[in-house]
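Analysis of the macromolecular model
So the chains spell out like this:
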Amino acid sequence: MRVKRPLILELSRHEVAVGQPVTVRARDKGNRPIEGAIIEAGSKRKRTDERGLCEITFHAPGFWRLVARKSPTDRVAYKPASTLVRAVPRPSTSRSPQRPEPRAL
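All of the points below concern the structure found in this document. (Residues numbered from 1 in each chain as written. Predicted model: local features only at pLDDT ≥ 70, side-chain atom pairs only at ≥ 80, totals over all residues. Heavy atoms only, no water.)

Observations concerning the overall build of the protein chain
Applied cut-off: The secondary structure listing takes helices from DSSP runs of H or I that are at least 4 residues long and strands from runs of E that are at least 2 residues long, numbered from the N terminus. Note that accessible areas follow from Shrake-Rupley with a 1.4 Å probe, and for residues the cover is restricted to the protein chains shown.
When you go through the protein chain residue by residue, the secondary structure sums to 0 helices and 10 strands. The helix and strand sequence of the protein chain, counted from the amino end, reads β-β-β-β-β-β-β-β-β-β. Taken as a whole, the protein chain presents about 7700 Å² of accessible surface, with 48% of it coming from carbon and sulfur.

What follows is the structure in structure tokens.
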């Protein structure tokens, strides 16, 4: 008999700059890491390590839906989980904002 367990996704942050990695953790309700879960975001696919961790880097701004799936074992079937990440353009540090000149009255 298989037990059904929901996967839980945890993110290091829900908003990330384009080109910067976000750490994803897949676990179950008992806080046990899920090794070998597939994390998908668009066409990107990563597999979690023995700690239930992987990193995903987004190269385009927007909202990205992350989905975690894990193949069933003889004893456990997992329910997929999903969450959103927002990838924002990197701030330009080469130019500082210019202040307008004071106007004479």
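Examining the nonpolar core
The condition is simple: Residues grouped as a nonpolar core are buried Ala, Val, Leu, Ile, Met, Phe, Trp, Tyr and Cys residues, joined through side-chain atoms within 4.5 Å. Exposure is judged per residue with a 1.4 Å probe applied to protein chains only, and the accessible area is read against the type maximum: over 50% gives exposed, under 20% gives buried, and values in between give partly exposed. By the convention used here, residues are in contact when the closest approach between their heavy atoms is within 4.5 Å.
Formed by 22 residues in total, the largest nonpolar core has its most connected members in L9, I39, F58 and L66. Breaking this core down by element, the ones donating at least two residues are β2 (8–11), β4 (21–27), β5 (38–41), β7 (53–57), β8 (62–69), β9 (76–79) and β10 (81–88). With near-sequence residues (within four places) excluded, I39 lies in contact with L9, V24, A26, K44, R45, K46, T48, C54, I56, L66, V67 and A68.

Observations concerning the sheet that holds β7
Where strands meet in a sheet, backbone hydrogen bonds hold them as pairs that are either parallel or antiparallel. Formally: When DSSP finds two or more bridges between two strands, those strands count as paired. Axes, fitted as lines to C-alpha atoms, cover a helix only where it is in contact. Angles between the N-to-C directions of the axes lie from 0 to 180 degrees.
Reading across the sheet, the 3 strands line up as β2-β4-β7 and stay open at both edges, with antiparallel pairing between neighbours. Looking at strand neighbours, the two that pair on one side only are β2 and β7, the edges of this open sheet. Taken pair by pair, the neighbouring strands of this sheet meet at an average axis angle of 30°, ignoring direction. Across 5 bridges, the pairing between β4 and β7 is antiparallel.

A few points about unusual backbone geometry
A negative phi angle characterises most non-glycine residues, just as the trans form characterises most peptide bonds. Notably, N31 is not glycine yet its phi reads approximately 65°, a positive angle. One can find N31 in the loop between β4 and β5.

Examining the pattern of salt bridges
Going by this rule: The rule for a salt bridge is simple: a side-chain nitrogen of Lys or Arg has to be within 4 Å of a carboxyl oxygen of Asp or Glu.
A full pass over the atoms with the stated rule returns 8 salt bridges. One salt bridge connects R27 with E10, and the closest N-O pair in it is separated by 2.6 Å. Here E10 lies in strand β2 and R27 lies in strand β4, a separation of 17 residues in the sequence. R27 sits in the buried class, given a relative accessible area of 16%. Among the residues examined, E10 registers a relative accessible area of 29% and is labelled partly exposed. With its nearest N and O atoms 2.9 Å apart, the salt bridge here joins D28 to R32. Residue class for R32 comes out partly exposed when judged on its relative accessible area of 42%. Counted as one network, the salt bridges with shared partners bring together R5, D28 and R32.

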